[in-house]
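# Observations on the three-dimensional arrangement
Here is what each chain is made of, one letter per residue.
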Amino acid sequence: MTEPLAQRHAPGKPIIQVRGLRNRFGSHVVHDDLDLDLYAGEILGVVGGSGTGKSVLLRTIVGLNTPSAGHIRVFDVDLTELSATERSLYEQRFGVLFQGGALFTSLNLVQNISVPLMEHAGLRRAEAEELARMKLALTGLAPEAALKYPSELSGGMVKRAALARALALDPEILFLDEPTAGLDPIGAAAFDGLIVTLSKALGLTVFLVTHDLDTLYSTCDRVAVLSQRKVLVADTLDRVAQTDDAWVQEYFHGPRGRAAIAAGSKLAQQEFS
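The next point concerns the pattern of salt bridges. Under the defined criterion, the tally for this structure stands at ten salt bridges. Ionic pairing is found between Asp76 and Lys13, a salt bridge with its closest N-O pair at 3.2 Å. Residue Asp76 is located in the loop between strand 4 (69-74) and strand 5 (77-78), and its partner Lys13 is located in the loop between helix 1 (5-8) and strand 1 (16-25); the two are separated by 63 residues in the primary sequence. The exposure class assigned to Lys13 is exposed, which follows from its relative accessible area of 63%. One salt bridge in this structure joins Asp170 and Lys135, with 2.5 Å as the shortest N-O distance. Pair noted here: Asp170 is in the loop between helix 6 (155-166) and strand 7 (173-177) and Lys135 is in helix 5 (residues 125-138), with a separation of 35 residues, a long-range link. On the basis of relative accessible area, Asp170 is assigned to the exposed category, the value being 55%. On the basis of relative accessible area, Lys135 is assigned to the buried category, the value being 8%.

Shown next, in the form of structure tokens:
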């Protein structure tokens, strides 16, 4: 389990501040007057029942969805008030790992990671590919994986390659959308450990959408629960788990929740023994 939030950093002004967010698709309102803060250096897990808009919230913050109302301040700048060109400069400080990896299937891994380096950093191909190989190594992939295509990779390798691409431009904030979905328990645990290691080593702030309780207990400093179109609660795991809400109680205290708590406690004992 990660160190308590207070030990990782002193909470001050949020690095991301969402206020009064409204997302609407036709007559369907996903979020209404939603508020959320993300602090520098923390790993924030975002959970909620099906249809609560976890991925929609992530996509809205990174600029892939335009909200109907509300404000999103990142690095103390309101991104909703910037021009497309101005916003693009701030978005280059984000790294995003999408569900399924979203790699270019016609490109091998080193080419996939070189794309943002050439497009946004202006590197020549040789320079971009050299740096791309370093990013792949950073995520634990063997050198020979660089020339493989996404169709030749296991699910876990695809996730690591997608993470390498998300880290290509040395982002300050990393957005992860269901990063362990589709992985077996061993692969998921290894990926969780990688996220924690990289967040500490690179000083990353992480916004993590997940349904995986094991991921929450092994990586997150705080958890935000989406419910009734808003953030129901955002706090440490222990405090969130005590929230008087039927979904929260079932999620955290059902059979899978109890197993995740036990696994998290065992891991913490091993780290501090």
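Turning to its location among the elements, Thr60 is positioned in helix 2 (residues 54-61). Polar contacts involving the side chain of Thr60 include one to the side chain of Asn65, which spans 2.9 Å. Sequence-distant contacts of Thr60, defined by excluding residues within four places in its chain, comprise Leu21, Asn23, Asn65, Pro67, Ile72 and Arg87.

To continue, consider unusual backbone geometry. You will see that Ala102, though not glycine, has its phi angle at about 55°, which is positive. Within the secondary structure, Ala102 sits in the loop between strand 6 (94-97) and helix 4 (109-119). A positive phi angle, near 50°, is found at Glu178, a position not held by glycine. The residue Glu178 is located in the loop between strand 7 and helix 7 (185-202) in this model.

Pairing is antiparallel across the open sheet formed by four strands, whose spatial order is 2-1-4-5. The two strands at the open ends of the sheet, each matched to only one other strand, are strand 2 (28-38) and strand 5. Pairing geometry for strand 1 and strand 4, over five bridges, is antiparallel. Bridging across to strand 4, Gln17 finds its partner in Arg73.

Remark: helix 4 packs on helix 6, axes separated minimally by 8 Å, with the N-to-C direction vectors making an angle of 25°. On the basis of the axis angle, helix 4 is roughly parallel to helix 6. Both helix 4 and helix 6 take part in a crossing whose hand is right-handed. In this structure, helix 4 uses Leu109, Asn112, Ile113 and Pro116 to contact helix 6, whose residues at the interface are Ala161, Ala164 and Arg165. Partitioned by chemical class, the residues of the contact of helix 4 with helix 6 number five nonpolar, one polar and one charged.

Spatial strand order, 6-7-8-3-9-10: six strands in an open sheet with mixed pairing. Looking at which strands have only one partner, the edges of the open sheet turn out to be strand 6 and strand 10 (230-235). The mean inter-strand angle of the sheet, taken between neighbouring strand axes irrespective of direction, is 15°. Pairing analysis gives five bridges linking strand 9 (residues 222-227) to strand 10, with the strands arranged antiparallel. Among the inter-strand pairings, Leu226 is bridged to a residue of strand 10, identified as Val231.

Conventions adopted
- Residues numbered from 1 in each chain as written.
- Predicted model: local features only at pLDDT ≥ 70, side-chain atom pairs only at ≥ 80, totals over all residues.
- Heavy atoms only, no water.
- Salt bridge = Lys/Arg side-chain N within 4 Å of Asp/Glu carboxyl O.
- Helix = DSSP H or I, 4+ residues; strand = E, 2+ residues; numbered from the N terminus.
- Buried < 20%, exposed > 50% of the residue type's maximum accessible area, 1.4 Å probe, protein only.
- Polar contact = N/O pair within 3.5 Å; in protein donor to acceptor, adjacent residues only side chain to side chain.
- Contact = heavy atoms within 4.5 Å.
- Pairing = 2+ DSSP bridges.
- Axes fitted to C-alpha atoms, helices over the stretch in contact; angles between N-to-C directions.
- Parallel < 35°, antiparallel > 145°, perpendicular 65-115°, else oblique.
- Left-handed = near helix turned anticlockwise from the far one by under 90°.
- Nonpolar A, V, L, I, M, F, W, Y, C, P; charged D, E, K, R; others polar.

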